[in-house]
Amino acid sequence: MKIGAMRKAFITGITGQDGSYLAELLLEKGYEVHGSVRRTSTLHRSRLEHLYSDPELYGKRLFLHYADLDDPTTLRRVLTKAAPDEIYHLAGQSHVGLSFEIPESTCELTAMATLRLLEMIRDLPTPPKLFHATSSEMFGNPETVPQDENTPYAPVNPYGCAKAFAAQMVKIYRNSFGLFACNGIMFNHESPRRGENFVTRKICHAAAAIKLGLQNELLLGDTSAERDWGYAPDYVRGMWLILQQHEPDDFVLATGKLHSVQNVIEIAFATVGLDWKLYVKRDPRFMRPAEPHKLVGNPAKAKRVLGWEPTHTFEQLIAEMTQCELKALSK
């Protein structure tokens, strides 16, 4: 990159929860931001609408390109044209439960697509820095609690297995070809922009809908399942910090605290002043074939090296998500 030139970033999955927050962060920091979007029948991209409807941004410092992870030609063309300094690879099939139903496409979009992207970066005249968003699901049934960057991978679902493959390939390309390629081992992180098929958003939405008389009950699977849940904008800040280091490395981004699905239920319903016991019912259809145990991260390295710290508590996060659902549904 030329001295004084505007830094360029390319984001796969820019229309997702993390991608939209990351785009905002990079634009605030003065970047030119490029993102890949899938060619679909709808042009509605609600998480980015406030950005690409801004004439001062869209077409000047924000650019969206049609490119699919399973279409190397389009992706290679966009990378060559945009010539980014940094790539944030966030796209893929990221729903754990769904990965049992579509394991082949999960591995194709999550594992093989990452390998193809590494090959493209390797072939570029000036290889950009790569951040690869990987997952705590790689640990599955971990040997140690909490998990850190040295914890062995032991995935128990197709999504975790695909992410483990992709993370190992990133390490191989870093060590064998000298790429500045980093894995961010992301523990669960949520926000009001979370997809509706994720359990936290499902619960917060239901609590608000029941409060407004738009829904009668909430059906869930195993509510004892525990996760390390954080606030998504904190995690995209961590992504950026990882690529600002002098040397490429892998980092766990987590809160270090475990909470259960039941905790989400209790906070969400308390936020709207309802007794959850009157509305929540168990449905075996939502039980998963295999459930990871004690997935809780140790973010000590990220705190020490990156100076990264979470800003939101779990209680603040779930309350904010529920209040946003209430506001949206009230309209």
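Just so it is clear, the model here is predicted, and its values are computed rather than measured.

Overview of the overall build of the chain
Looking only at helices and strands, one finds 11 helices and 13 strands in the chain. For the chain, whose C-alpha radius of gyration is 20 Å, the value lies close to the compact-globule estimate of 20 Å for 331 residues. The burial tally for the chain puts 51% of its 331 residues in the buried class. Long-range contacts, defined as pairs at least 24 residues apart, comprise 78% of the intrachain contacts of the chain with a sequence gap of at least 6. In the form shown here, the chain has an accessible surface area of approximately 15100 Å², with 52% of it arising from carbon and sulfur atoms.

A word on the packing of helix 1 (residues 17-28) against helix 8 (residues 232-243)
It is the contact of helix 1 with helix 8, at a shortest axis distance of 9 Å, that shows an interaxial angle of 60 degrees. Judged by the inter-axis angle, helix 1 sits oblique to helix 8. Here the hand of the crossing between helix 1 and helix 8 comes out right-handed. On helix 8, the residues that touch Gln17, Asp18, Tyr21, Leu22, Leu25 and Leu26 of helix 1 are Ala232, Pro233, Val236, Arg237, Met239 and Trp240.

Concerning the layout of surface pockets
Each pocket or cavity is described by its volume, and for the second largest pocket that value is around 250 Å³. Residue lining of the second largest pocket: 13 residues in total, with Ala83, Pro84, Asp85, Thr126 and Pro128 positioned closest to the centre.

Remarks on the packing of aromatic side chains
Under the counting rule described, the total for this entry stands at seven aromatic pairs. Ring centres 6.2 Å apart and planes at 40 degrees place the aromatic pair Tyr88 and Phe131 in the tilted group. In this pair, Tyr88 sits in strand 4 (residues 86-89) while Phe131 sits in strand 5 (residues 129-135), placing the two residues 43 residues apart along the sequence. Residue classification places Tyr88 among the buried positions, given a relative accessible area of 0%. Consider the rings of Tyr235 and Trp308, whose centres lie 5.5 Å apart with planes at 80 degrees: the pair is edge-to-face. One end of the pair, Tyr235, is in helix 8; the other, Trp308, is in the loop between helix 10 (300-306) and helix 11 (314-330), with 73 residues separating them in the sequence. We note that Tyr235, like Trp308, is buried. Through a chain of ring-to-ring contacts, the aromatic side chains of Phe139, Tyr153 and Phe187 assemble into a single cluster. Cation over ring: Lys129 sits above Phe180, and NZ or CZ is 4.5 Å from the ring centre. Looking at Arg193, its charged tip hangs above the ring of Tyr21, at a distance of 4.0 Å from the centre.

Things to note about the sheet that holds strand 6 (residues 181-186)
Here we have seven strands laid out as an open sheet, ordered 3-2-1-4-5-6-11, and parallel in their pairing. In the strand order of this sheet, the two ends are held by strand 3 (62-66) and strand 11 (251-253), each with one partner. Mean inter-strand twist for the sheet, computed between neighbouring axes without regard to direction, equals 20 degrees. Where strand 4 lies against strand 5, four bridges are found, and the strand directions are parallel. Paired with Ile87 across the bridge in strand 5 is Leu130. Docked against the sheet, helix 1 engages strand 1 (8-12), strand 2 (32-37) and strand 4, running at close to 175 degrees with respect to strand 1.

Definitions and limits used
- Residues numbered from 1 in each chain as written.
- Predicted model: local features only at pLDDT ≥ 70, side-chain atom pairs only at ≥ 80, totals over all residues.
- Heavy atoms only, no water.
- Helix = DSSP H or I, 4+ residues; strand = E, 2+ residues; numbered from the N terminus.
- Rg over C-alpha atoms; globule rule 2.2 N^0.38 Å.
- Buried < 20%, exposed > 50% of the residue type's maximum accessible area, 1.4 Å probe, protein only.
- Contact = heavy atoms within 4.5 Å.
- Areas by Shrake-Rupley, 256 points an atom, 1.4 Å probe, with all protein chains shown as cover.
- Axes fitted to C-alpha atoms, helices over the stretch in contact; angles between N-to-C directions.
- Parallel < 35°, antiparallel > 145°, perpendicular 65-115°, else oblique.
- Left-handed = near helix turned anticlockwise from the far one by under 90°.
- 1 Å grid on protein atoms, 1.4 Å probe; cavity = no way out; pocket = protein on both sides within 12 Å on 5 of 7 lines; lining within 4 Å.
- Points joined across faces, edges and corners; volume = space filled by probe spheres on them.
- Phe/Tyr/Trp six-rings, centres within 6.5 Å; stacked < 30°, edge-to-face > 60°.
- Lys NZ or Arg CZ within 6 Å of the ring centre and 35° of its normal.
- Pairing = 2+ DSSP bridges.

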